[in-house]
2 protein chains.
Amino acid sequence: MTNPISLRHRYGLTLLLTLALSLSALAQTREPLPSWNDGPAKKNIVEFVQAVTDQSSKDFVKPADRIAVFDNDGTLWSEQPMYFELLFALEEVKRTAPQHPEWKTTQPFKAVLENDQKALGESGMDGILKIFGATHTGMTTEAFDDYAKTWLTQARHPRTGKPYTEMIFQPMREMLDYLRSQNFKTYIVSGGDTAFMRAFAEQVYGIPPEQVIGTTFVTAYQFKDGQPSILRTAKLAHNDDGPGKPESIDAVIGRRPILAFGNSDGDLQMLQWTAAGPGKRFMGLVHHTDAKREWAYDRQSKIGRLDKALDEAKTRGWTIVDMAAEWRRIYPFEAATPEHVQ
Amino acid sequence: MTNPISLRHRYGLTLLLTLALSLSALAQTREPLPSWNDGPAKKNIVEFVQAVTDQSSKDFVKPADRIAVFDNDGTLWSEQPMYFELLFALEEVKRTAPQHPEWKTTQPFKAVLENDQKALGESGMDGILKIFGATHTGMTTEAFDDYAKTWLTQARHPRTGKPYTEMIFQPMREMLDYLRSQNFKTYIVSGGDTAFMRAFAEQVYGIPPEQVIGTTFVTAYQFKDGQPSILRTAKLAHNDDGPGKPESIDAVIGRRPILAFGNSDGDLQMLQWTAAGPGKRFMGLVHHTDAKREWAYDRQSKIGRLDKALDEAKTRGWTIVDMAAEWRRIYPFEAATPEHVQ
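Values in this document were obtained by computation on a predicted structure and should not be read as measured data.

Peer 1: Can you lay out empty space enclosed by the protein for me, pointing to particular residues and giving the numbers?
Peer 2: Taken as a whole and assessed by the stated rule, the structure comprises one cavity of 30 Å³ or more. Each pocket or cavity is described by its volume, and for the largest cavity that value is around 40 Å³. Forming the boundary of the largest cavity are K185, Y187, E210, Q211 and V252 of chain A together with K185, Y187, E210 and V252 of chain B. Elements with a minimum of two residues in the lining of the largest cavity: strand 3 (185-193) of chain A together with strand 3 (185-193) of chain B. Tallied by class, residues from the lining of the largest cavity come to four nonpolar, one polar and four charged.

Given below as structure tokens:
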């Protein structure tokens, strides 16, 4: 604003930018979601995006306010037979157990070492946080990043034999690309550990570290021998699940999203918070209905239970994505069917 | 990446964008910091920016990693006779005192009500946090935003008679603009309450809410009568001062900045953390040396003490901005002198 750009330059710049943006917009109007069938979910998404990006629409939203938030587990990638990050943590408990003899008699670690799924399930969210605390902390943030990246490179999913980072949902990745092409800012808001998700989110989803919001542990700045580092401690700072999601959205983003996508009851408050803002809004749920290509589960599932949020979505007309019917392919490594039929 | 853009469109788009960006770069090479004298600080800033943005330079940094962090109080706006946010809080203590008879006998409130500067000073950071807790919480995030904006509109600085939002440093605002024109992402990382700073940062500095990081209180999502809201509680979540700054940078941004600017010992750890990364770095301190146009203080000041960080800056060759010598004007409402002489 303080630069003495000549009028001629200013005009030339504006003209070129306008032309460039018009071409970009033109390109984006062509088939933005190729892995989606022409069903109700795709129609809702495209209609919403067109409405809020059309300057002549009453629903127009200026680019800075086009905030879109996505849960990760079960929304952007699979979460069965359990959260991938929990699989990582369980492997680490087993690997480091010799250094922790007390784990043989302490839950939830005893359950992990004895492969006791029932006891592990009964330990609930508290148990998960204890396991995360024991495996994700006591090291610097840089060491944790290396450690997570190494695991993500080497580990394979027990059913597909693929790296976990390939078990992302191709239709959702296309949706992220589509939203960004329309000047949305895409965020992850998920129960996973922020640092764990940052270890792959940029490469896999195109979402940079500062747009990844998750569960956090208290950290401690250290300065030793002239070298600073940040230590991850085992004290939970924020549990980014359920009500923790709108809380972290407010704390970190400071704007209310206009689009939110989840897949479980843990996303309900984020969807409510998004829905309660003024103007046009989009609330979506991935419904896992495809036992053949992915998994089928909802109201009774221990992982990713979808019960109250499914009822509320139906009552309020939120978009429920029937995965089996609406997605032409699930994972990037699969071929897309010309028109997927359940 | 999944859009079938024709080659012709793709080529046209690239060509136009290249032309547009070249013109933009050209415009920016003309005098980016008009309120800075041609002194050592301006030279350091411009040389740093040119080095990290020149693709042919060994110091080139890709745009996504051009993270720049700025303290707020004393770095982007004045902080005397005390932090502006504290002035806001003190006024609120007095205004709401009738509802809190216990404050008459409880510190630090007693000191506020009796204008006892000595006792208030002795209450230290704990006292400040108690005053913030009492005046900044117990309301929804939306109510607080309204309340802060109202105060910022109505309140006037005791010395200049200006709204606080006009007591920002014009040279620093030009620096923010300059950095953004070179694809830096500019953040505030400051001890002030995040929500208080968000109430003016976008309008005044061009820094959007999601790039404002500060002290936070625990919040609680509520859902009453079908309406969600987020309540600010009096429990401190994060004190964004000193070591809290690199901790919050890591938690919220997840990348190490390549440029950091502060003005007090509370910024030392943020500067150390920035300095310790690989490649070229810029660390700067605003040194308040101008008793006539602003204030002059450093090692002995209660507010914005600059002592250890000044020594470390001198030892390590960080940029120390001698406000009196280097700034042609301080505030936007002043006329710039052709060449300011102390």
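Now that the structure has been shown, we can carry on.
Peer 1: For the confidence of the model for chain A, give the residues involved together with the corresponding values.
Peer 2: With 90% of its residues at a pLDDT of 70 or more, chain A shows a mean pLDDT of 91. Counted against residues more than four places away or in other chains, residues 1-8 of chain A, with its pLDDT under 50, gives 16 contacts.

Peer 1: Give a description of helix 10 (residues 268-275) of chain A that names residues and reports values.
Peer 2: Counting buried residues in helix 10 of chain A gives eight out of eight residues, a clear majority hidden from the surface. Listed in full, the buried residues belonging to helix 10 of chain A are L268, Q269, M270, L271, Q272, W273, T274 and A275 of chain A.

Peer 1: Can you tell me about the packing of helix 2 (residues 40-53) of chain B against helix 7 (residues 170-181) of chain B, naming the residues and giving the values?
Peer 2: All names here are of chain B. Axis separation between helix 2 and helix 7 bottoms out at 11 Å; the angle between their running directions is 15 degrees. In terms of axis orientation, helix 2 runs roughly parallel to helix 7. The element helix 2 and its partner helix 7 pack so that their crossing is right-handed. Listed contacts from helix 7 to I45, V46 and V49 of helix 2 are M175, Y178 and L179.

Peer 1: Pulling in residues and values, what's your account of the side chain of D59 of chain B?
Peer 2: By the element assignment, D59 of chain B lies in the loop between helix 2 and strand 1 (67-70). Look past the residues within four positions of D59 of chain B in its chain and what remains in contact with it is A51, V52 and K280 of chain B.

Peer 1: How would you explain the pairing of strand 8 (residues 319-322) of chain A if you had to name every residue and give the values?
Peer 2: Residues and elements named next belong to chain A. The alternating pattern of strand 8 places T319 and V321 on a buried face, while none of I320 and D322, on the opposite face, is buried. Bridge analysis of strand 7 (residues 282-287) against strand 8 gives four bridges, and the strand direction is parallel. Bridging across to strand 8, L285 finds its partner in I320. A crossover links strand 7 with its parallel partner strand 8, the connecting element being helix 11 (residues 308-316), and its sense is right-handed.

Peer 1: Hey, could you go over the sheet that holds strand 8 (residues 319-322) of chain B for me, with residue numbers and the actual values?
Peer 2: All names here are of chain B. Ordered by their spatial adjacency, eight strands build an open sheet running 2-5-4-3-1-6-7-8, and the pairing between neighbours is mixed. Strand pairing shows two members of the sheet lacking a second neighbour, strand 2 (139-140) and strand 8, which therefore form its edges. Pairing of strand 4 (residues 212-224) with strand 5 (residues 227-238) involves eight bridges; the strand directions are antiparallel. By the bridge assignment for strand 5, K224 is matched with Q227. Here helix 7 sits on the sheet and contacts strand 1, strand 3, strand 6 (259-262) and strand 7 (282-287); the angle it forms with strand 1, its principal contact strand, is near 165 degrees. Taken strand by strand, helix 9 (residues 244-253) contacts strand 1, strand 3, strand 4 and strand 5, and its axis lies near 130 degrees from that of strand 3.

What counts, and at which threshold
Residues numbered from 1 in each chain as written. Chains lettered and ligands numbered in written order. Predicted model: local features only at pLDDT ≥ 70, side-chain atom pairs only at ≥ 80, totals over all residues. Heavy atoms only, no water. 1 Å grid on protein atoms, 1.4 Å probe; cavity = no way out; pocket = protein on both sides within 12 Å on 5 of 7 lines; lining within 4 Å. Points joined across faces, edges and corners; volume = space filled by probe spheres on them. Helix = DSSP H or I, 4+ residues; strand = E, 2+ residues; numbered from the N terminus. Nonpolar A, V, L, I, M, F, W, Y, C, P; charged D, E, K, R; others polar. pLDDT = per-residue confidence, 0-100. Contact = heavy atoms within 4.5 Å. Buried < 20%, exposed > 50% of the residue type's maximum accessible area, 1.4 Å probe, protein only. Axes fitted to C-alpha atoms, helices over the stretch in contact; angles between N-to-C directions. Parallel < 35°, antiparallel > 145°, perpendicular 65-115°, else oblique. Left-handed = near helix turned anticlockwise from the far one by under 90°. Pairing = 2+ DSSP bridges. Right-handed = clockwise from strand over helix to strand, strands pointing away.

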